[in-house]
Each structure stands twice: as structure tokens, then as C-alpha cells.
Amino acid sequence: MGKSYNTIAFDANKCDGCGDCMTACATAKVGVGDTARSRIQIVGSADDGFELALCRQCGDPKCVMVCPAGALTKNFDTGVIEWNDAKCVDCLLCTVGCSYAGIALDAGSGHVAKCDTCDGAPACVPACPHDALTYVTTSRIYNEVGDWEDLFAPGLAGCQGCNTELLMRHTLRRVGPETVLATPPGCVPGMGSVGFNGSTGTKVPVFHPLLTNTAAMLAGIKRQYKRVGREVNALAIAGDGGASDVGFQSLSGAAERNEQILFMVVDNEGYMNTGMQRSSCTPYGAWTSTTPIGKGSGGMPSQGKTQDAKNLPLIMVNHRCEYVATASTAYMEDLYDKLDKAIQASKRGFAYLHVYSPCTTGWRFPTDQNMEVARKAVETNFVMLWEYNRTDGLRFTRPVDDPLPVTEYLRAMGRFRHLSPDQISHIQSKVVENLAFVQQMAHRQSA
Amino acid sequence: MTTATLETPAQAKPAKQKVILCEGNEAAALGVALARPDMVAVYPITPQSSLVEHVAKLIADGKMDADIVDAEGEHSVLSVLQGGALAGARTYTATCGPGLAFMFEPYFRTSGMRLPIVMSIVTRDGITPQSVWGGHQDAMTVREVGWVQVYCETVQEVLDTTIMAFKIAEHHDVMLPVNVCLDGNYLSYGTSRVELPDQAEVDAFMGVKDVNWHVALDPHRPMAVDPLTGGSGGKGPSTFVRYRKGQCRGMQNSLRVIEEVHEEWAQRFGRSFAPLVEEYRLDGADYAIMTLGSMTGAAKDAIDEARDAGRRVGLIKIKTFSPFPVEALMKSLGKVQAVGVVDRSVGFRWNCGPMYQETMGVLYRLGRHVPSMSFIGGLAGADITVGHFHRVIEATEKLLSAPAPIEPVWLNEKD
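Quick caveat, the model's predicted, so the values are computed rather than measured. (Residues numbered from 1 in each chain as written. Chains lettered and ligands numbered in written order. Predicted model: local features only at pLDDT ≥ 70, side-chain atom pairs only at ≥ 80, totals over all residues. Heavy atoms only, no water.)

Visitor: For unusual backbone geometry, give the residues involved together with the corresponding values.
Guide: For residues other than glycine, phi is negative in most cases, and the peptide bonds are mostly trans. Thr46(B) connects to Pro47(B) through a cis peptide bond whose omega is 0 degrees. Structurally, the position occupied by Pro47(B) is in the loop between β3 (39-42) and α2 (49-60). At the junction of Thr128(B) and Pro129(B), the peptide bond is cis and its omega measures out at 5 degrees in the coordinates. Looking at the element boundaries, Pro129(B) is found in the loop between β6 (118-123) and α6 (137-141). Residues other than glycine seldom take positive phi values, yet Arg320(A) does so here, at roughly 55 degrees. (Helix = DSSP H or I, 4+ residues; strand = E, 2+ residues; numbered from the N terminus.)

Visitor: With reference to specific residues and values, describe helix α8 (residues 214-227) of chain A.
Guide: Because each turn of an α-helix spans 3.6 residues, side chains separated by three or four positions end up pointing in the same direction. Residues and elements named next belong to chain A. For α8, built from 14 residues, the straight-helix expectation of 20 Å at 1.5 Å per residue is met to within 8% by its first-to-last C-alpha distance of 20 Å. Among the 14 residues of α8, 12 are classified as buried, and the element is accordingly described as predominantly covered. Among the residues of α8, those classed as buried are Thr 214, Ala 215, Ala 216, Met 217, Leu 218, Ala 219, Gly 220, Ile 221, Lys 222, Arg 223, Gln 224 and Tyr 225. (Expected span 1.5 Å × (residues − 1). Buried < 20%, exposed > 50% of the residue type's maximum accessible area, 1.4 Å probe, protein only.)

Visitor: Could you give an account of the confidence of the model for chain B, with specific residues and numbers?
Guide: Counting all residues, the mean pLDDT for chain B is 95, and 96% of those residues have values of 70 or more. Every residue in residues 1-9 of chain B is under pLDDT 50, and counting partners more than four places away or in other chains gives 21 contacts. (pLDDT = per-residue confidence, 0-100. Contact = heavy atoms within 4.5 Å.)

Visitor: Tell me about the domain arrangement of chain B, and please be specific about residues and values.
Guide: All names here are of chain B. As assigned here, chain B comprises domain 1 (3-214 + 247-269) and domain 2 (277-410). Inter-centroid distance (C-alpha atoms) of domain 1 to domain 2 is 26 Å. Each partner contributes residues to the interface: domain 1 has 32 residues there, and domain 2 has 33 residues. Counting the surface lost from both domain 1 and domain 2, the interface buries some 2600 Å², and carbon and sulfur atoms represent 53% of this. A per-residue breakdown of the area domain 1 buries against domain 2 is headed by Arg 143, Glu 153 and Tyr 186, which together make up 25% of the total. (Domains from an automatic or database assignment. Buried area = accessible area lost by both parts, 1.4 Å probe.)

Visitor: Describe in detail a nonpolar patch on the surface, supporting the description with residues and values.
Guide: All names here are of chain A. Judged by side-chain polarity, Met 65, Val 66 and Leu 93 come together as a nonpolar surface patch covering roughly 270 Å² of accessible area. One can find Leu 93 in helix α3 (residues 93-97). Taking relative accessible area as the criterion, Leu 93 reaches 41% and is therefore assigned partly exposed. (Patch = residues over 30% accessible without salt bridge, like charges linked within 9 Å, V, L, I, M, F, W, Y side chains within 5 Å. Areas by Shrake-Rupley, 256 points an atom, 1.4 Å probe, with all protein chains shown as cover. Salt bridge = Lys/Arg side-chain N within 4 Å of Asp/Glu carboxyl O.)

Structure below.
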């Protein structure tokens, strides 16, 4: 398994083209503040903004490939592409090979020059007065857990573009092999995790509970292992239908008894595996196969679901669980952080993790848009990311101070295509109301 | 041995047995404690409630070392136990009536997963009409779901059978859940003298616990439990058939195992119960009446009186109702010329009692015409008295000389 590295990230929205970064770079590298000699270059963009010309320290570097002299090499410890002046023949082929203008002739030296990240402490980053540059560890998860064993077999059969498989693989590899996994009927077993006719898709003990009894069966399993002194994780990866509707009683009962279970709900807002029917987690106005669109009768058209979604994670907060959190696959670091806390909490009692998971097939959006839809849900506050424990109460983990209008989210999907202006304003007002409600809980509990 | 009588000579009785006075629900709880389950899950329902209260108190008093789960309903009660059994626990619960109905979804699955869970059914009539009193309608309604079901006649039999049920369920040739049925009101609250076996002797009888050798949810032995099975393609059809045939084989094996376990019980503890079918004064009888459960006591009194009055009548009691003891019953029915079957529940499809319906199948296999008729009594807590049984005897006797009525006789219709 490879490794990925820290990188200098650029936020064009914050850049005003002041050039302080270039001055800092040139000063650090050649001793004078001559911006022409800087290895980072801020250049005007076609839309009157600014762009970045800087070495990306590519994983598959074209400059290295085109160099005929072996003067450029990728250092796999630091990730930096290093230039060796003793080998360089000054042919400048590398400057043509790079798509990012990340390596260029430095007229002052007569050779090419490129960013070496100042050995991991780039001078340009602190020099920016607008925080447009950050030196970020975007690949922490990849580096930390990438080598851990994937406990699902390759080739699970999810729909194209579905992120539930991603979520399952991340979750189980994090929870680890000393786990009994329950996947009640739905997409998770539907893609083959439990298996068919004697073959299985999972490397840990796995089973189909009934749609109705996931939490109860896991409670029995966990209690018996506790009784015989064995540390075994009891993990559910369940759908929203089985958790919020027909399985809610056993979920609530297990939470009340504070059974030591990690219960993850993958909320795709309906019975997607059985053909996209409505659940109590389906949002207002959404088309589903049991809330279809039609002209209706008596002048009352059928315009999707007529009720608002049940807020299951808030209901779980009211069980005073050891830990409750909402998460999104568009924010994996946030999700991993919560997963770690949930695993720890499940050793003491009931831990509940509610992951919003857009459904390419059922929500009617292109298969390459899953993360974008998930992100828009958060950016509009349609979905809020927060966590709760009994000591610290509820707190937002990723507050959205300046939310986009909810239409930015709604128009990303076909399931809301039919919405009337009245329905859209209902949804927008519910977003505001729900946000205020959760904020109130957060304030009350932090007070 | 397919039949036994109470006259079976007992072995030398162990010295350590304590004698107490208790109701059937307490006897069941004491039996459970002696069988040492790891996990019990409970949810109260009349007339089962005092049973789980006794279990809870035994655990609270440290007289029983089990994890008790006060679940939020019967559906979860059985589901918790399924999880426990898959992790290696010996498990127990009790329910009845509406609780059993609510439990049906995991109930069906327990036998399919071959989990040796023991569950008492403190039998209660089915609703509606709304009723909280005894009757066999609850247990009869689920007789076709692959659980072994045995019915007790006395409080002592409740205690002894509860312990034996674990051994039957966990026998490697069976691996099926077992219902110990005790009549609501009549056995649940009926108080009797009971001999309490010694714990060490019960331990020796039970042997080594090994409940999840065949199916487990254990990281040390990772396997997928109950993946999708069946369909019309590939190895689906044959795989599904293999599961179902295995269940049916387990049911048939249980007939032999129930006999063996009862035999061993008699040898160790000196109390003998007919494991499948009991004959009472059947020798020399021209006709018989058939009973199930606690009604049998009054029926035996009636038989004694009838015999004294010169009627040539005997009694056949069913203890093991599921699997239906076809061979054993054929032997008993082979001795008589007519039979009247008394049920404590209703078979709606045939307009007769369920046990009568099953018996008709056995009579057909007998290959000889034996006139028969159905009696239904004791619904929703009603008593079936010695007087009722005299009516049963008289009506059955008439079958020897007159055509059998098609309609059942409702014993409490004019009570």
C-alpha cells in the first residue's frame, strides 16, 4: 500500500494577489525578496481571480518521467520531488512536462527551481495574510488506516456510485476483526455482505438479523461474551427503515438498557434496497415509489411525501446514550473521529452513529455526484453534523455559519424535481427550524 | 419404549431430594435454575408472570447464576436469546398468548437456525374474545413451526420436564428449540407437593454444555449465519432443501431422544413420565378417550369410575404433541375400536380440535376404520370436570354402534 503526503493547499476565494507568499519563498530560498525567483507563483486567472503555479509533488510525477538525466526523483519518505543539480543537464524538458507550472527556469541561477516544501515547514504558508495557503494533512486517514485489513471481500455488489460500500469498509476495518457484525435486511446485506447460498462477503462473523430485532440480537451476543470474559465488539450496520420504523422498538429497548453495542444507521432516507419506498426518515416532498407524483383527485395533486422526516438521532439523544453522533461520508475525518469515540463508548454502553448516505439510484442523481450531494446537504444545513455525550451535551462538529440556500441541495437530485415553490419554502423553513432546535440543545447543554 | 404407565416400577430414589409445596410457575422456575442457563430474557404476561418473577428472584437472591434481560417485549426477548445462543449461551424464557403471537417472527426463525432455546408456554387462550385465562390455543397456533412441544400434566412433571427440555433441545441429533407447555391457571397457579432434585445430580444428568457447535457468531470461528438461501438458480434449491430436511430430521430424531432422556431421568431420579404417549387402563378397553395436559387428571378419575361401572374404556394421553408421535399413537389406537379426542383449543379450518385433526391422520395410517369424534372444552379458563369426561365417555361409547357425528361437542356450551 502506498502513502500520501502533506500538501500546500490553495483557496482561491481568499487570495487577493498580494504576493506576500512569493516574497517569503524567494527570501527563504535565494536570500532576496525577488518574487520572480519564488517557487510559488500567484498568477491571474481567466475569471479575474488568482491561480496557483506550484509543484503539487505529484504521486505520478510527469517531470520525473520526462527527465532524461535522472535529475528528478520522488522521495517516498517525504513525498517531495527532489532536484539534483549535479545530474541536471538544463534541458528544461521538465518544465514542459509539468501541467501545473510547478517547475520553471530560475533566471537568477540558470537552472530549474521547484518547491521542496522547505523540509515540511513551507515559508509561504505563514506569510499569507488571508489564510489562503494551508499546509494540510488531507491524507491522514489514508496513511493511518490504509494498511489495515479490509474485512469485507472484494467485489460487493452495490449500485454504481453508492458510497455505502465505502462506509462499510472504513467502518469495519476500524472496528476490527474481534467483531460480530449484524446487517439487517437492506442495502448492506443486499450487496452481498452476509452472502448467498453458502458464500459470504465478510471476514468477520456476520448475520442477517430480522429487520426488527437487530439491537436485541446483538445485545444477547455481547452479553454472553461479557459473561465469559471475552472482549468482542457488537456492531450493527443498519438502514434507516429498519431502525426508525419496524425495528425502532428493539433499538429503543437496547438503548434504554444501555447495551454495549455500536449501532450505525446508514440513512439513505428510504427502503432503497426493496425499491425506493418511503420510510419515516424520508424527507418532506421527496418522490419515492410509495409517494409517487401524480395528478391525484379532487384537485389535490400527489407531490411526494407529505410529512417531515423523523429525526432519529435526536430521539437517540433522548435515550441518553453513551454517545450519539451524526456524520457524512463527505467528511471522512469527522466521521473517523466519531467512529473512534463511538467504539470507545460502546465498551461502556449504547453508542449510536447516524450517517447520511445519499442514494444514487433512489434519489435520482448522476453516479459521480454522491460526495457532492452529501456535501451540499451539510453546506445547506439540510443535514447537521454534531455529537452528543452525557457529560458534554450536544455540540456541532462542523457548524455551517453561512449556509447555502436549500435549493442548492434540492436541485442536485431528481427526487425533488417536482417541488412547488410552496414545498420548497416549507423545506427551507424546516431547515431553519431544525437548526434552531439543535442549536438550542447545544446551547442549553453547554451552558 | 414408546409408551409408559405410571405403574412403571421406579428405580431406587436418590436420597437428596427435597420436598416442597409450590405452584407450577414456581416449579418451572426452579427447574430452570437447576438446568443452569447462562441467559434468561423476560417480559411479563398473564398467566406467565409469576414464573418470570420467580426466576428474577432466584437470580436476585444468588440462587441462580444467569444474566437476566428485562427486554421491552417478547419479540426482543426471543431475539436476545437467539444472540446469546449463537454466542454459546444456554438460554430460557417463557411466554403465552398475545406474547407468543408478538414473538412469532423470531419464533419461526429459532427452529430454522437450530437454536436449542427452551421456552415455557404457560398456555392461554387466543384473543379475541379478549381473555387472560388458560387454553391451548396459543401453543396450538404455532404447532407447525418446527419447535418441539411437550405438554405437562402435573406440577412435578413441569419441574422435571423443564430440566429435561434443555437436554432434549441440546442433543446433537436434535438441536431444536423446545416448548414446555403448562396449562395456564390449572398448572401455573395450581399448588402441589413437589420433589426437588439435587443440583449436583442434575448437573451430572445435564452433562457438558455445547450449544453452538453447529452455528455460531464468534470471531474465533468466523462464519456467515443465515445468508440468503434458496431461489430458483444455482445451488439455491438444493441448499434450501438441505436446511428444511435437516429440520425435519431433527424433529423426527427428537422422538427417540425424548424417550431416551425420560428413561435416563427415571433411572437417576426415580420419577417416570410417559415421554410421548401415555396409556391409562387401556388394556382390555374397547374404546378410548384422548387428552392433553392437566385435564388428564380429571379424565383419569372419570375412567376409574367408568371402569368400576363396567364400561370398557381407557385413556390415551399425549405428552409430546410436536413432533406428533405417530408410531406410538398407532400402537395405542391399534388396541381400540373407537376414540373420542378432547381438545382445549379450536381448529378453525376443520371445525374440530387440533389434536383430533392430527389423530385423524394417524387413524388413516392405521388402515382400519376406527370411528372417532372431537370434543372441545376448557376454553379460556373453563374447567373440564369429571362430569364432563363422563359425557365424553358416554358419547364415545356410542361410536361402537352408531354413526360418528361430524360436529364437535362443545363441553362447556351450557355451563
